[in-house]
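Remarks on the overall topology
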Amino acid sequence: MEGVHNTDCFSEENLSKLKEIMYDHKVSAGSYLFWEGDSADKLYFMNQGRVKITKTSDEGKSFILYMYGQGDLFGQLDPFQQSVHNFNAEVMEDSSIGIIQQRDLETLLWQHGDLAIEFMKWMGLMHRMTQTKFRDLMMFGKPGALCSTLIRLSNSYGVRQDNQIFITKKLTNSELADMIGATRESVNRMLSDLKKLNVISMENNNIVIENIDYLRNICQCENCPKDMCRI
């Protein structure tokens, strides 16, 4: 991510300790790190590249929950029982990923109490990220969820240009639809409405946010920290 990582809650020293127990793994675009139902006994650190976390409905529709980039840590661990993944992890581009085995992590946390505290903060951050995403989807409808997603994109990929925010990451309307559980056609209509209101514009197929306060009002933005309010 450009400047915002979910590992910012770790000190530089403790992040180095985590990196020392990782082993590097190269993965190709289009492959999967894990599937829903696979054993969940590892964490993954993005050295380079991008991964998206998806959930597939009973009807076969894919829903994008998260997108992780360089400097992000993700995975699902349960210290009390052998758990399985609830989501899929699809590699979006050729990536280099550091893998942490659960047993190695447990030993490290036992040895370093300050790292254990920071790891608990990281787990809390991940939990709050999930809470806020589902809040947006369930409480403010598809328009609110789209506005929230645009704000998250601005925090993750936004470059401020005077009073505008240029989103460097190009996303198709189908990808935006998958992020909020909507159809591509409905996203087309909602984006068109925002353009007519001069809330957003387009520049070389990149979204430019012209009026972020409008977006914040629609989704009743709570001004969450950027490490939480992100894609």
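Described below are features of the structure shown in this document.

Rules used throughout
Residues numbered from 1 in each chain as written. Predicted model: local features only at pLDDT ≥ 70, side-chain atom pairs only at ≥ 80, totals over all residues. Heavy atoms only, no water. Pairing = 2+ DSSP bridges. Helix = DSSP H or I, 4+ residues; strand = E, 2+ residues; numbered from the N terminus. Axes fitted to C-alpha atoms, helices over the stretch in contact; angles between N-to-C directions. Buried < 20%, exposed > 50% of the residue type's maximum accessible area, 1.4 Å probe, protein only. Polar contact = N/O pair within 3.5 Å; in protein donor to acceptor, adjacent residues only side chain to side chain. Arc of directions from axis to C-beta. Contact = heavy atoms within 4.5 Å.

Before going further, it helps to spend a moment on the pairing of strand β7 (residues 158-161). Strand residues, when the strand is regular, have side chains that alternate between the two faces of the sheet. Inspection of the sheet shows β7 paired to strand β8 (residues 164-167) by four bridges, in the antiparallel sense. Following the sheet pairing, R160 is matched in β8 by I165. Connecting β7 to the next strand, β8, in antiparallel fashion are two residues, including D162 with a positive phi near 55°.

Moving on: the sheet that holds β7. Consider a sheet: its strands pair through backbone hydrogen bonds, and that pairing is either parallel or antiparallel. Pairing within the open sheet is antiparallel, and its four strands lie in the order β7-β8-β10-β9. Strands with a single pairing partner mark the edges of an open sheet, and in this sheet they are β7 and β9 (200-203). Adjacent strand axes in the sheet meet at a mean angle of 30° when their direction is disregarded. Two elements, β8 and strand β10 (residues 206-209), share two bridges in a ladder whose sense is antiparallel. Directly across from F166, in β10, lies its bridge partner V208.

On to unusual backbone geometry. Backbone geometry at D162 places phi at a positive 55°, although glycine is not the residue there. Structurally, the position occupied by D162 is in the loop between β7 and β8. According to the relative accessible area criterion, D162 is exposed, its value standing at 75%. Unlike most non-glycine residues, N205 shows phi in positive territory, near 70°. Within the secondary structure, N205 sits in the loop between β9 and β10. For N205, a relative accessible area of 61% corresponds to the exposed category.

Inspection of the secondary structure assignment puts T7 in the segment before α1 (12-20). With 213 residues separating them along the chain, T7 and Q220 place their C-alpha atoms 27 Å apart. From its side chain, T7 meets the backbone oxygen of G71 in a polar contact 2.7 Å long.

Our next topic: α1. By the burial criterion, the buried members of α1 are N14, L15, K17 and L18. Seen along its axis, α1 keeps its buried residues to an arc of 150°; they face one direction. In α1, the exposed positions angled more than 90 degrees off the buried face are occupied by E12, E13 and E20. Contacts from the buried residues of α1 go to β3 (42-56), β6 (88-101), α2 (102-111) and α3 (113-139).

Purely geometric numbers; function is a separate question.
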